[in-house]
Structures are given as C-alpha cells and as structure tokens.
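Below are the chains, spelled out letter by letter.
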Amino acid sequence: MLSLATGWLLVVLGAGLVAGGVWLAVLGGSWAYIGLGGGLMVTGVLLARRRRAALGVYATLLVATLIWALWEVGLDRWALIPRGAFLAVVGLWLLAPWINRPLNSGHTADAPLQSAWGGARGWLGGAMVLVIATTLISSVRDPLDIAGQLPPASAAAQGAAAAAPGASGDDWLAYGGTGYAERYSSLTDITPETIGRLEPAWTFHTEDMKGPGDPHETTFEVTPLKVGDTLYLCTVHDHVIALDAASGTERWHFDPGVKVGHSSQHLSCRGLAYHDDAQDATAATPRLISAGAGSSAATPTGAPVTAATSGITAPPAPACTRRIFLPTIDGRLFALDAATGRQCTGFGDGGVVQLATNMGNLKPGYYMQTSPPVVTRKLLILGASINDSESVANPSGTIRAFDVHTGRLVWNWDLGRPDATAPLAPGQVYTSNTPPSWAGGSVDEGLGLVYFPLGNQSPDQLGFGRSAEVERFSSSIVALDVASGRLRWVFQGVHHDLWDRDMPAQPTLVDLAVEGKTVPALIAPTKQGELYVLDRRTGKPIFPVRESPVPSTSPVQGEIMSPTQPSSALSFMPPPLTGKDMWGATPFDELVCRIELHSMRYAGPYTPPGTQRTLVYPGNLGVFNWGGVAVDPVRQILVGTPTHLAFTYQFIARQDATTNYVSAGKNEHWNENYGARYAVMIEPFLSPLGLPCQAPPWGAIAGVDLRTGKLAWMHRNGTVRDQMPGFLPIPFPMGVASLGGPLITAGGVAFYSGTLDNYLRAYDVTTGRKLWQSRLPAGGQATPMTYRVNGKQMVVVAAGGHGSFRTTIGDAVMAYALK
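Note on numbering: residues in each chain are counted from 1, in written sequence order. Totals for whole chains, interfaces and linings use all residues, but because this is a predicted model, local features are given only for residues with pLDDT of at least 70 and pairs of side-chain atoms are given and counted only at 80 or more. Only heavy atoms go into the side-chain values, all of them from the structure, while hydrogens and water stay out.

This part covers the overall build of the protein. Each helix and strand in the protein was counted, giving 10 helices and 42 strands. Taken over C-alpha atoms, the radius of gyration comes to 29 Å for the protein, in line with the 28 Å a tight globule of 819 residues would show. Referenced to the eigenvectors of the C-alpha coordinate spread, the extents of the protein come out at roughly 105 × 65 × 55 Å. Partly exposed describes any residue whose relative accessible area lies between the buried limit of under 20% and the exposed limit of over 50%, with all areas from a 1.4 Å probe on protein chains only and scaled to the type maximum. Residues classed as buried in the protein amount to 61% of the 819 residues present. Contacts are assigned to residue pairs that have any heavy atoms within 4.5 Å of one another. Across the protein, contacts joining residues at least 24 apart in sequence account for 66% of those joining residues at least 6 apart. Put simply, the protein shows about 29,100 Å² of open surface, and 59% of that area lies on carbon and sulfur atoms. A distance of 6 Å separates the average location of the 58 positive side-chain charges in the protein from that of its 61 negative side-chain charges. The helix and strand labels rest on DSSP assignments: H or I over at least four residues marks a helix, E over at least two residues marks a strand, and numbering proceeds from the N terminus. Radius of gyration: over C-alpha atoms. The globule rule applied is 2.2 Å multiplied by the number of residues raised to the 0.38 power. With residues, only the protein chains shown are counted as cover, and all accessible areas are computed by Shrake-Rupley using a 1.4 Å probe. In this tally Asp and Glu are treated as negative and Lys and Arg as positive; neither His nor the chain ends contributes. The location of each charge is read from NZ of Lys, CZ of Arg, CG of Asp or CD of Glu.

Looking now at the sheet that holds strand S15 (residues 374–375). In space, the four strands of this open sheet follow the order S15-S16-S18-S19, with antiparallel pairing throughout. The outermost strands of the open sheet, each flanked by one partner alone, are S15 and strand S19 (409–413). Should DSSP find at least two bridges between two strands, the strands are regarded as paired. As judged from the four bridges shared by strand S18 (residues 399–403) and S19, these two strands associate in the antiparallel manner. Its bridge partner lying in S19, Phe402 is registered against Leu409.

So, on to the layout of surface pockets. Put plainly, a pocket is an open set of points on a 1 Å grid over the protein atoms alone with protein on both sides within 12 Å along at least five of seven lines, a cavity is a set where a 1.4 Å probe fits but cannot get out, and a lining residue has an atom within 4 Å of a point. Grid points are joined across faces, edges and corners, and a volume is the space filled by probe spheres set on the points. Counted as a void, the second largest pocket has a volume near 740 Å³. Taken together, 33 residues form the lining of the second largest pocket, with Leu144, Pro575, Tyr617, His644 and Pro697 sitting closest to its centre. For the lining of the second largest pocket, the secondary-structure elements that each account for two or more residues are helix H3 (53–73) and strand S35 (710–716). For the lining of the second largest pocket, the leading source of residues is S35, giving four residues. Each residue is assigned to one class: nonpolar for Ala, Val, Leu, Ile, Met, Phe, Trp, Tyr, Cys and Pro, charged for Asp, Glu, Lys and Arg, and polar for all the others, Gly among them. Class assignment for the residues of the lining of the second largest pocket results in 21 nonpolar, six polar and six charged.

Here Ser562 lies in the loop between strand S27 (545–549) and strand S28 (564–568). Ser562 sits 131 residues away from Cys693 along the chain, and the two C-alpha atoms are 29 Å apart. Within the local environment of Ser562, its side chain forms a polar contact with the backbone oxygen of Thr564, the two atoms lying 2.6 Å apart. As used in this structure description, the phrase polar contact means that two N or O atoms lie within 3.5 Å; if the pair is within protein, one of them must be able to donate a hydrogen and the other to accept it, and residues adjacent in sequence are counted only when both atoms belong to side chains.

On to the state of the cysteines. Disulfide assignment relies on a single distance test, namely cysteine sulfur atoms paired within 2.5 Å. Tallied over the entire structure, the rule returns three disulfides. Across the disulfide, Cys234 is cross-linked to Cys269 (sulfur-sulfur distance 1.7 Å). Disulfide Cys234 to Cys269: torsion about the S-S bond roughly -95 degrees, handedness left-handed. Note that Cys234 is positioned in strand S5 (residues 230–234) and Cys269 in the loop between strand S8 (266–268) and strand S9 (273–276), a separation of 35 residues in sequence. An identical accessibility class is assigned to Cys234 and Cys269; each is buried. Residue Cys320 pairs covalently with Cys344 via a disulfide, S to S 2.0 Å. Negative torsions about the S-S bond denote left-handed disulfides, and the value of about -100 degrees found for Cys320 with Cys344 makes this one left-handed. Residue Cys320 is found in the loop between strand S10 (306–308) and strand S11 (322–327), and its partner Cys344 is found in the loop between strand S12 (332–337) and strand S13 (352–354); the two are separated by 24 residues along the sequence. Going through the protein in sequence order and numbering each bonded cysteine, the pairs you get are 1-2, 3-4, 5-6.

Any two side chains of opposite charge can pair, so long as their charged atoms come close to each other. The rule for a salt bridge is simple: a side-chain nitrogen of Lys or Arg has to be within 4 Å of a carboxyl oxygen of Asp or Glu. The final tally for this structure, using the stated rule, is 25 salt bridges. Here Arg716 makes a salt bridge to Asp76, at a shortest N to O gap of 3.2 Å. One end of the pair, Arg716, is in strand S35; the other, Asp76, is in the loop between H3 and helix H4 (77–95), with 640 residues separating them in the sequence. Arg613 is paired through a salt bridge with Glu596; the nearest N and O atoms lie 2.9 Å apart. With Arg613 in the loop between helix H10 (587–599) and strand S29 (614–616) and Glu596 in helix H10, the pair connects residues that are 17 residues apart, well separated along the chain. A relative accessible area of 23% places Glu596 in the partly exposed class.

Any two rings among Phe, Tyr and Trp, with Trp reduced to its six-membered ring, count as a pair given centres within 6.5 Å; such a pair is stacked if its planes are under 30 degrees apart, edge-to-face if over 60, and tilted if neither. All chains considered together, the criterion is met by 15 aromatic pairs. Measuring from ring centre to ring centre gives 5.2 Å for Phe86 and Phe588, while their planes differ by 80 degrees; the resulting arrangement is edge-to-face. Here Phe588 lies in helix H10 and Phe86 lies in helix H4, a separation of 502 residues in the sequence. Sitting over the face of the ring of Tyr606, Arg501 holds its NZ or CZ atom 5.2 Å from the ring centroid. By definition, being over a ring means that NZ of Lys or CZ of Arg is both within 6 Å of the ring centre and within 35 degrees of the ring normal. The positively charged end of Arg677 is found above the aromatic ring belonging to Phe464, 4.2 Å away from the centroid.

Mapped onto the elements, Ser268 comes out in strand S8. A distance of 2.6 Å separates polar atoms of two side chains, one belonging to Ser268 and the other to Thr219.

Moving on to H4. For H4, built from 19 residues, the straight-helix expectation of 27 Å at 1.5 Å per residue is missed by more than 12%, its first-to-last C-alpha distance being only 24 Å. One fitted axis covers the seven residues ending at a residue, a second covers the seven starting there, and the bend at that residue is the angle between these axes. A bend of about 50 degrees at Arg83 is the largest found in H4. Within H4 the residues assigned to the buried category are Trp78, Ala79, Leu80, Pro82, Arg83, Phe86, Leu87, Ala88, Val90, Gly91, Leu94 and Leu95. For H4, the side-chain oxygen to backbone nitrogen distance between the N-cap and Trp78 is 3.2 Å, and the N-cap itself is Asp76. Given a helix with a known number of residues, its expected span is that number minus one, times 1.5 Å.

Once that is clear, we can look at the sheet that holds S11. Pairing in this open sheet of four strands is antiparallel, and the strands run S9-S11-S12-S13 from one edge to the other. Two strands bound the open sheet, and with one partner strand each, they are S9 and S13. Along the sheet, successive strands turn relative to each other by an average axial angle of 20 degrees, direction set aside. Summarising the sheet, S9 and S11 pair through four bridges and their orientation is antiparallel. Note that in S11 the partner of Asp276 across the bridge is Arg322. Every angle, taken between N-to-C directions, lies between 0 and 180 degrees, and every axis is a line fitted to C-alpha atoms, over only the stretch in contact when it is a helix.

The next subject is a nonpolar patch on the surface. Together, Met1, Leu4 and Trp8 make up a nonpolar patch on the protein surface, roughly 390 Å² of accessible area in all. Positionally, Trp8 belongs in helix H1 (residues 2–26). Residues enter a patch when their relative accessible area is above 30% and they make no salt bridge; the linking distance is 9 Å between like charges and 5 Å between nonpolar side chains (Val, Leu, Ile, Met, Phe, Trp, Tyr).

Put simply, a nonpolar core is a bunch of buried Ala, Val, Leu, Ile, Met, Phe, Trp, Tyr and Cys residues held in one set by side-chain atoms that sit within 4.5 Å of each other. Among the nonpolar cores identified, the biggest contains 56 residues, and Trp202, Tyr232, Ile324, Phe751 and Tyr787 are the most heavily contacted of them. With seven residues, strand S42 (residues 812–818) is the single largest residue contributor to this core. What Trp202 contacts, discounting residues up to four positions off in sequence, is Leu231, Leu243, Asp244, Ala245, Ala246, Ser247, Gly248, Tyr787, Met794, Val813, Met814 and Ala815. Within the second largest apolar cluster, 33 residues are counted, among which are Tyr175, Ala439, Val550 and Leu645.

Moving on, we come to the side chain of Gln636. Tracing the sequence through the fold places Gln636 in the loop between strand S30 (630–632) and strand S31 (637–640). When its relative accessible area of 8% is taken as the criterion, Gln636 is described as buried. Among the polar contacts made by the side chain of Gln636, one reaches the main-chain carbonyl oxygen of Pro633 at a distance of 2.9 Å. Beyond its immediate chain neighbours, meaning those up to four positions away, Gln636 contacts Asp511, Leu512, Ala513, Val704, Asp705, Leu706 and Arg707.

Shown next, in the form of structure tokens:
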C-alpha cells in the first residue's frame, strides 16, 4: 500500500515538474526539469506496479541530477540543496524495507534470487552513498569564500597614528567616531588574543518601543556617543538619555514629546551631535566634533519642557558650554545642556529651531530628520529626509547651516538654485521635491569642506520632468564650502537614477598613501555596490571610474535613459543573475523562481523598469546602505558588509492622485507617487515558500586593502537562526542580509551586529575570521561603538530591532568589557 501511494505521489510531483519544465524551456531556460520530472513519473509508475526496476530508474535519476547540479553550481552546499535534498530524502524512503521488500523484478521465478542489496536496490544504495559523499565534501570548503590577509601598518603610518584626525580614542564624539566618519578607534585593549575575555558589563533598557500608530519601519538604530564619563543616546521616539559610561546608570532623560505624523514612513534615531566650547578655544587645527545619525523629536515652541534631571553628577559649570544636538522626526532641532539635559534657551526659540521654516509642501510626517547634523567649531550643518516616493508634492531637500550657539540660519544650499546660498527671506520657500540628504554628512575643517550624499527626487523610479539641476545632483556626493555653503564639486554615482540607488551612506574620509604621496580621500559606498574613492579636494577619482554602456531604451513612453553608467575599480556589484543562481528549499520552488526570472524583464543591473514586472538587482535595499564602511587609516584598510538581494518593480498606471494602488489598507503609502503617472509595486524576489529566489550568500563581511584597491578576504556573514521556526532555531551559516555599520579598532578587531540574526560578532581584521559572538536580546541593526572609561575599553551596541527587517523588537543598550 505504501509503495502504491508513494508511486502515485511521485507521478503527480513529476508531472508538475514536467509541466513547469516545459514552461521554463519555452522561456529559454534549462531543460533539466523536464528530465527530472520524467524520471520521477517513470519511477512512480514502476513503484505503483511494484516493480523493483523503480529503484534502478530512480538511482539513475539521482546520479544524473547530481552531475547536472555539480555542473551548474559546483560544490556550493547551499546551492546544492534545492537540486538534491528532496531527491535524497526520496531515495532514503525508497530504500526503506517497507517500500522495497514488496517490490519484485517482474519475473516471479527470479525473486528468491535477489540478495538484500543486489540489483536495483544496490544501485540505488550506491547512488545514495555518492550523494552523501558529495554533501560531506561540499561541507569541507566553501567555494565562494575568499581567504586572504590584510597588511599590517607600516612603521611610518604607526608613527602618524596619534595625529590621525579620523581616530577616536577614549571618547566617541560623533556617529562615525569623528567628522571623518571612519568608524575607527585607536584603542588596543581588545585584540584577537584578548577577545575571548569579552563579556557583558551592563544592559540598559530605554522603555521606549514601537507604539500604536507608529510606522512599520520603527527602528532602534542609534550609535551612542561618549564624552568624558557620560554616554548619550536617543531612542525611537527621540528621547535623549544620558548614562554613566561605566555602569549604564541613567543620569538624565529628555523627552521632547515627538509628534509622529499619520503617514510617517520612518521612526528612526541613529544618534546625536555634540559641541564643546572649550575644545574650540584650545583646538590647534580645525576639527569636527559630531555625533550620530539621529532623528529625534521635541515639544512645540512654548510647550512645557519634560527633561528629567535626577541623578546628575556633573560638577557645576556654565550652562550649555557643552551641548547635545537633537534633530527630530517632526522637523525640529534642539540644543541641550550636556550636563543637565535642559534646553539651551539661547539657541533658537527657547532651545529649539523650527526646521519647517521656508519649507513648502509641509504635511504631517512628510519632513523628518533621521541623521544628525555635522558639527564644526561654529556651525551645525544638516540635510533632511522626506517620505519616500509617496507624492510628487514633497518638501525641499535643502542643506542648511545654523550657528552652533544661537541657532541662526547662516546659509542654505538649495540645489534648485545652487549658487544662491544666502538665507531666504521670510515668506520665501525652498525648491520643492529636490533630492534630500538623509544619511548625514562628514567634514574636513582643514580643507573647509563638508560632504553630503544625495538621494533622488520623488518618485525614485520615474524620471519624467526632472530639472537640469535634479539631473545633475541626484544620487551624488556634493562638497560644500563650510563657511558659505557654496558648491565646490559634485560627483554623480548613478545617471538618471530610476532604481532608488541614492547615495545612502555618510562619506568616509581618510588620508591615503598613493604613489608615495598622501592624498586626502573620500570613500562613497553605494547601493549598487560601487565604492567610489575620490580626492576629497576635487572630487576626482583616485581609483579608476569608467563609463559602461547600459540598456538605453525605456519601455515607458516619454522616459529617457542614460546610455552609460559609472563603475568603480573597487566594486562589490554582483554579477547578473542567471537560471543557475535560482534557489529554494526544493526543486519545485526553485523551478518557480527560474520561471519568474525568465518571465520578467531583466538585462542586468540597469534594466529600465516598466509596466511589465522587472527584476532589479541589486535591489533598493542596496549592497551598502546607511551603515557605510569602516576604515583603519593607519593600516589603510577597509571593512564592509555587502548585501546582495534582488527585488521586483512593476509600474501601475494611476487614474487619479488619491487612490492607493500599492498600499491599500496601510498607514504608510510607499511608492504610491500621488500626482505622478504611475505607482510602483516593489517586492523582494521570493519563492512561493517565502525564501529568496537567489542562492545564498545574501550577506558577507569583506576586507579591502586601500593601498591597492584589492579585495583581500570575504566571508559569509550571519545565520538564519532567527528566521527559522521558533521550535527549530538551527543557525545555518548561509550569510544573511544586514543593515548597520561596522566598527574597526587599532587592536585588530572589527565588530558588527547588523545581520538578521541577533548577534554581536567580532572578527580578526587581518583575515576576517570570526573570533567571538554574543547573543543579543533583539535585532542589532545599528552601528557599534567603543570607548575607554576607568581604564577599561568597552564596546556598546543598541539592540532594538528593525520593523522592515522583521528582526526581534526590543529596547536594550548592551555594553561589553574584558573580564
């Protein structure tokens, strides 16, 4: 009875593979599934007729499939799974005595002569041994792993380490450590030799989490800053909390009473900014003191201030000589006394500047701050974030500079009129719907330049009617004069961007040794995976950038295309996807993914989207995102965490400016593009089982030698433990997507927490080998930081999860120290 049921089940499954295989072949894909399905059907018929030949046919099918799989993907064990795991399980089932004992050879007189493992059963047993051996061999070495070593620091570089303006030491004064945004610390207590002694020192819970009415993308992304003996951080609702850096005990807490708009897309705070009058007075050379990419919110002007100041231990000092700056999700900029948390009343109107001033198209939730200002000796300089591709009627993306003491507007750079930087008069408005700078800037005060990454005008995927200025500045890095705001140079990473490939990360500044000379460089990570390395004085490439031809005809009437796109010699752009790159848990969902791949419009990374479903790879999550990269300026090396995930785009014609075509029933209206010709349906490219259609790895950690621009090592990063069912938390190390930034230290250790599984990990910077990991109570989609207090080096990371990433939600700030 079991053999009969198994036989007919194989016939049905085989018929499905044949039908799908024919469909795939007609689309120009592999014919292998027709043979695979046919083999299952023949096996099933023979099994239903109780013929022992079924085992021989199945053994032949198993070997043939193994040969085909090795030809397509080699010994990549994760890519072999959909091609072989299901068949191997069926093979084991067929070898079970309750299946094969009732079978006969078709000749009754010969049946007694069959040995237990003779004939067809022996052939199937041998095939299974071959499959198991291949599995074991593929587990020994990952063919996609890149092993190598990064170089040590030269003697000259080590001598200059103490003077490196990008190095953060006992303190962590900015989101990226300093205004250079290198995410580098000169501390050396934690090394590959001592990392085994790293253990939790304290945990602080903010008690501020996603509430009713908050957007789906509510994320705890903060990187705290540390000044003296105090740690400063902001929460998802833009509370500012000061902690004792040694013990994690709360010193003060400021609640700005943030107003979350009904249609707000984001609720994120990546950090704060800091300014110290005393450091200005003693600074021998101009240097930035800035902190985290933060989005915080505050009470309306004139409303009661709710700053709790219990437990303050700071000694008496003149008020507001040291300031914490908090830009908010509802468009305000606060200055707080770093010692007490009270508003600095001389700044703006009672301690707050209204960032909505001179902004048009203001609606609740449309204008927000998700990154901190750049802080110089005299100025606060910041861009903005807007609701992404919700409407064509958006506020401006103008970059503005305010006096650090008074909050007076000093200059504004409106790319709609880029040469007019004098503050607007009352009643005037900035150019609406210009590309915003949402990821935060970096600064070189020695050169007098501040650098901002720019995004896209909404809609991101529709280029109709873009002005000449928008075409020039979209998806670019701009260098502005710190004092005047005037444009010094611009470098564009994507021409006429239709894929939401904005410049997503704070630029990293580093002085590189190039042909025996020291060149002030800027590194711009991008969503498409290019790492542009530019001379930050001029914007000219240090590593070659070439223009390559791309598809130049759009399927959408009236849309134009750039005939070329730039690419860098230093690139993590993945190769185009093909049928062999498709993946799933079984051959059935893998087949569906192959059919979908061949059914969509796809001609590489710059395929123009349209009304037909289009594959976009890399997708808009990006190879790199707001976390950026980490650089050791002494060793001249870089650590990054590239992610490779495909998405699908499909334009849907709009009949009016109010109907929800792609977000019906949701509060956030991503990609509706009210007022445009099309809404855009954007989805991850997933199999029917909800797995990525492309084979892993989906995420990695990599090390680059910046002296040569060459990749030294790259390894899969992260496991699927927290994506597995709760009763089966198996940490398969496939390499998963991530979001957040790495931290690199002079001790030779890098830290990262942004993977989909809830871990903080440490790596040997030289080889990329994982040295240590610690389980986090929630997702760590943030950037770790490090500092020294009371003679101890500590590492701190926020673990609060990410709504869109669907990681575990929490409110923890975790600190680690050597025991």
